[in-house]
Amino acid sequence: MDNMTFEMVASKLQDELIDALKNNKELNEYELIVFKYVFISELNVPLLEDFGVEIVDDSFILYVIPDDLELNLLRKLDDAFDRFDVSFMSNSYNVIKLKFRLSD
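Keep in mind it's a predicted model, so treat the numbers as computed, not measured.

**Looking at the overall build of the chain**
Counting secondary structure elements, the chain contains three helices and four strands. Since a compact globule built from 104 residues should have a radius of gyration of about 13 Å, the 13 Å found for the chain is in line with a globular shape. Overall size of the chain, expressed as C-alpha extent along the three principal axes, is 35 × 35 × 25 Å. Going through the 104 residues of the chain one by one, you find that 38% of them count as buried.

And the structure:
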């Protein structure tokens, strides 16, 4: 996928996630699956099937499979989701937990 397509999809996804977080929307299982699908298939983020995307308070969390993760993808995600602060969270699984917290 070229960078322009990645940025367009990520921008739309960022808008949807901001809307959900700012309005404290309760997302149903189907909506979370759609978010997970977009991250996996459109942005090529190797999410863990069982967890994928989680919405908590003012953040969303991605559960990423480290073996398939490319460093430049992390940079692209950080750049594309510019309204969020990205941090790594510790966990006991063999996954990378990335927390995207909505910045003020």
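Read on, since the account is not over.
**Quick look at the pattern of salt bridges**
Close approach of charged atoms lets side chains of opposite charge pair. By the definition in use, this model includes three salt bridges. Residues Glu16 and Lys12 are paired through a salt bridge, measuring 3.1 Å at the closest nitrogen-oxygen approach. A residue pair is termed a helical-turn pair when its members lie 3 or 4 positions apart in one helix, as Glu16 and Lys12 do in helix H1 (residues 3-22) at four residues. The exposure class assigned to Glu16 is partly exposed, which follows from its relative accessible area of 36%. Between Asp19 and Lys25 there is a salt bridge, with its nearest N and O atoms 2.5 Å apart. Assessed through its relative accessible area of 30%, Asp19 is described here as partly exposed. Residue classification places Lys25 among the partly exposed residues on the basis of a relative accessible area of 42%.

**Some words on the layout of surface pockets**
There is about 160 Å³ of room inside the largest pocket. Lining the largest pocket are Ala20, Leu21, Asn24, Lys25, Glu26, Leu27, Leu32, Ile55, Val56 and Asp57. The residue makeup of the lining of the largest pocket, split by class, is six nonpolar, one polar and three charged.

**Examining the environment of Val53**
Tracing the chain through its elements places Val53 in strand S1 (residues 53-56). The exposure class assigned to Val53 is buried, which follows from its relative accessible area of 6%. As a C-alpha pair, Val53 and Lys97 span 44 residues in sequence and 9.9 Å in three-dimensional space. With sequence-adjacent residues up to four places away left out, Val53 is seen in contact with Leu32, Phe35, Lys36, Phe39, Leu47, Ile61 and Leu62.

Scoring rules and cut-offs
Residues numbered from 1 in each chain as written. Predicted model: local features only at pLDDT ≥ 70, side-chain atom pairs only at ≥ 80, totals over all residues. Heavy atoms only, no water. Helix = DSSP H or I, 4+ residues; strand = E, 2+ residues; numbered from the N terminus. Rg over C-alpha atoms; globule rule 2.2 N^0.38 Å. Buried < 20%, exposed > 50% of the residue type's maximum accessible area, 1.4 Å probe, protein only. Salt bridge = Lys/Arg side-chain N within 4 Å of Asp/Glu carboxyl O. 1 Å grid on protein atoms, 1.4 Å probe; cavity = no way out; pocket = protein on both sides within 12 Å on 5 of 7 lines; lining within 4 Å. Points joined across faces, edges and corners; volume = space filled by probe spheres on them. Nonpolar A, V, L, I, M, F, W, Y, C, P; charged D, E, K, R; others polar. Contact = heavy atoms within 4.5 Å.

The quantities given are spatial measurements derived from coordinates; they are silent on function.
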